[in-house]
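Take a look at the letters that make up each chain.
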2 protein chains.
Amino acid sequence: MVSSQQELQRIALAEFAIAGYTGTSIQRIAELAGLSKSSVLYHFTSKEALLEAAVSPAVERLNVLLSDLEDRGLNADYRATFITQFVDFIFDCRQEVHLFINQGPSLVGLAVIDRANDTVRRLAHYFAESTSNPHDKMRFGIALGGSAYMLCTADNFEMPLESDDETRQALVAIMNELLAPVRAE
Amino acid sequence: MVSSQQELQRIALAEFAIAGYTGTSIQRIAELAGLSKSSVLYHFTSKEALLEAAVSPAVERLNVLLSDLEDRGLNADYRATFITQFVDFIFDCRQEVHLFINQGPSLVGLAVIDRANDTVRRLAHYFAESTSNPHDKMRFGIALGGSAYMLCTADNFEMPLESDDETRQALVAIMNELLAPVRAE
DNA sequence: TGTGTGGCTGACCGATCGGTCAGTTAGTCT
DNA sequence: AGACTAACTGACCGATCGGTCAGCCACACA
């Protein structure tokens, strides 16, 4: 038996991610949960509080991941660790990632979104500064954006994914390729 | 002197792409254009008609690109041609692409969106069937999604891009890598 | 000088939005 | 039995939504 709070959080996250924050009404979430609109606002003081509860954990987790990366650096021995952790993160939090990647810029002003935007910017900045080669910067962007895209958006377009393990391993392998700073041409 | 129609279409596309279709009111578009809400609805019979006008050309262009690919196949000699055309397409239509990639699934029922979703699904399907190797399927997805991501979303997170030519060339090079069906391990 | 006509507008419509509030249950403790 | 509380609800609020409609105005053509 899950609590109404958890259930509402789960439903809201799914709806916010696919239909958008502004495109999802409290009424809609209430219907999916089998409750009234008033009940939703009983458990969460506002629509923004519901968003906060739904995506905040993912933002904090990405922040930890990024802080570790900034401390340890992208040298060859830590790179593999970071990549597996990053892939695991997107695996676990694909809806949250989809939400604050795609809606982050348009939801500025909401506290948790501002924090998410800062974190994503810091991540982008770190990779942009880790090489002076424009070509490599592009590789980094494609690795980060492409892997996030595969997990977050692919479902919506009926791209069939293999089993979780197979997908995870393939993602890790490709990211290792794309993030390798020196490659044979 | 550009016509009000063209101006409205341009403004609407930019707003729809960044703030979302449901998150953008006709009133908002009117303000940005320096017109009244009634004027917007004079030039376009409905909000949906405005969306149609804004993204339809991009959908048709992607359809042509995809039809050519389906006719010619992904053999080595045509692959390079497709990649440059695809990159050019995302370059020219990054707002439209951003819109129907991210909002497509939630805007089902709008005619132009349904057409866009069909086209994207066809594209995904083509690449998914062009190899039986799950690892390669993942490479294709990352190539298509990652390159789209770089051009459509990177701006929003202050990822500085190089000059257009440099970015385009880098994108083409990396996509050639990722789409090469046979590689050394 | 009239007669259109294309571009544009404000007033207005029903519906829905996020949010408030008083009140109704059902269960728990004393 | 009575008091308290957590969970939940319907009625209601002002604001905004997409859209309709009658009419205004500058300008072209007769």
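The model shown is predicted, which means the values in this text are computed figures rather than measured ones. (Residues numbered from 1 in each chain as written. Chains lettered and ligands numbered in written order. Predicted model: local features only at pLDDT ≥ 70, side-chain atom pairs only at ≥ 80, totals over all residues. Heavy atoms only, no water.)

**Considering the protein's contact with DNA strand D**
Every one of the 15 residues lining DNA strand D counts as a neighbour, but S38, S39 and H43 of chain A together with K37 and K47 of chain B are closest to it. The side chain of K37 of chain B places a nitrogen or oxygen atom 2.7 Å from a base oxygen of DNA strand D. If you list the elements that add at least two residues to the surface near DNA strand D, you get helix 3 (37–43) of chain A together with helix 3 (37–43) of chain B. With four residues, helix 3 of chain A is the largest single contributor of residues to the surface near DNA strand D. (Near = heavy atom within 4 Å. Polar contact = N/O pair within 3.5 Å; in protein donor to acceptor, adjacent residues only side chain to side chain. Helix = DSSP H or I, 4+ residues; strand = E, 2+ residues; numbered from the N terminus.)

**Focus on the interface of chain B and chain A**
Opposite the 40 residues of chain B that make contact, chain A presents 40 residues. Approximately 3800 Å² of surface area, both sides summed, lies buried where chain B meets chain A, with 73% of it carried by carbon and sulfur atoms. When the buried surface of chain B facing chain A is broken down by residue, M138, I142 and F157 of chain B rank first, second and third, together holding 19% of it. Summed over the shared surface of chain B and chain A, the result is two salt bridges. Across the salt bridge formed by R139 of chain B and E177 of chain A, the nearest N and O atoms sit 2.9 Å from each other. (Contact = heavy atoms within 4.5 Å. Buried area = accessible area lost by both parts, 1.4 Å probe. Salt bridge = Lys/Arg side-chain N within 4 Å of Asp/Glu carboxyl O.)

**Looking at the side chain of T131 of chain A**
Residues and elements named next belong to chain A. Structurally, T131 can be placed in the loop between helix 7 (111–129) and helix 8 (134–152). Among the residues examined, T131 registers a relative accessible area of 17% and is labelled buried. Engagement of the side chain of T131 in a polar contact is seen with the backbone nitrogen of N133, the distance being 3.1 Å. What T131 contacts, discounting residues up to four positions off in sequence, is D136, K137 and F140. (Buried < 20%, exposed > 50% of the residue type's maximum accessible area, 1.4 Å probe, protein only.)

**Considerations on the relation of the copies chain B and chain A**
Two copies of the chain are present, and they differ by a rotation about an axis and a shift along that axis. Mapping chain B onto chain A is achieved by rotating through 180° and translating by 0.0 Å along the same axis, at an RMSD of 0.0 Å. On this basis, the relationship between the two copies can be described by a two-fold rotation axis. Among all residues of chain B, the one whose C-alpha sits closest to the rotation axis is G146 of chain B, at a distance of 1.7 Å. Of all interface residues in chain B, 100% are interface residues in chain A too; the two copies therefore contact each other through one and the same surface. (Least-squares fit on C-alpha atoms with pLDDT ≥ 70 in both.)

**What to know about the nonpolar core**
The biggest cluster of nonpolar side chains holds 124 residues, and the ones touching the most others in it are F127 of chain A together with F127 of chain B. Discounting residues that sit within four places of it in the chain, F127 of chain A has contacts with L69, L74, F82, F140, L144 and L179 of chain A. (Core = buried A, V, L, I, M, F, W, Y, C linked by side-chain atoms within 4.5 Å.)

**Overview of the environment of A76 of chain B**
Here A76 of chain B is to be found in helix 5 (residues 76–92). In sequence terms A76 of chain B and A180 of chain B are 104 residues apart; their C-alpha atoms lie 8.1 Å from each other.

**Focus: the pattern of salt bridges**
Applying the stated criterion to the full structure yields 22 salt bridges over all chains. Its salt-bridge partner being D165 of chain A, residue R168 of chain A comes within 3.5 Å of it at the nearest N-O pair. In this pair, R168 of chain A and D165 of chain A are both assigned in helix 9 (residues 164–179), three residues apart and thus about one turn of the helix distant. With its nearest N and O atoms 3.2 Å apart, the salt bridge here joins R28 of chain B to E15 of chain B. Taken together, the residues span a long stretch of sequence, with R28 of chain B in helix 2 (residues 26–33) and E15 of chain B in helix 1 (residues 4–19) at a distance of 13 residues. A relative accessible area of 36% means that R28 of chain B is categorised as partly exposed. Looking at E15 of chain B, the relative accessible area reads 14%, which means it is buried. Members of the salt-bridge network, linked through shared partners, are E52, E60 and R115 of chain A.

**A few points about the state of the cysteines**
Residue and element names in this part refer to chain A. One pass over the structure, following the stated rule, counts zero disulfides over all chains. C93 takes part in no disulfide bond, and the closest cysteine sulfur, belonging to C152, lies 9.7 Å away. Residue C93 is classed as buried on the basis of its relative accessible area, which comes to 8%. (Disulfide = S-S within 2.5 Å.)

**Notes on the side chain of N117 of chain A**
As for its position among the elements, N117 of chain A is in helix 7. Discounting chain neighbours no more than four positions away, the residues touching N117 of chain A are F100, G104, P105 and V108 of chain A together with F157 of chain B.

**Regarding the protein's contact with DNA strand C**
As a matter of local geometry, DNA strand C sits amid 15 residues, with K37 and K47 of chain A together with S38, S39 and H43 of chain B nearest to it. Sugar and phosphate atoms constitute 48% of the interface atoms of DNA strand C, taking the interface as everything within 4 Å of the protein. In this structure, K37 of chain A approaches DNA strand C through a side-chain N or O atom, which is 2.7 Å from a base oxygen. In the model, a phosphate oxygen of DNA strand C is placed 2.9 Å from a nitrogen or oxygen of the S36 of chain B main chain. Examining the composition of the surface near DNA strand C, we find that four residues originate from one element, helix 3 of chain B, more than from any other. Grouping the amino acids of the surface near DNA strand C by side-chain chemistry returns four nonpolar, nine polar and two charged. (Nonpolar A, V, L, I, M, F, W, Y, C, P; charged D, E, K, R; others polar.)

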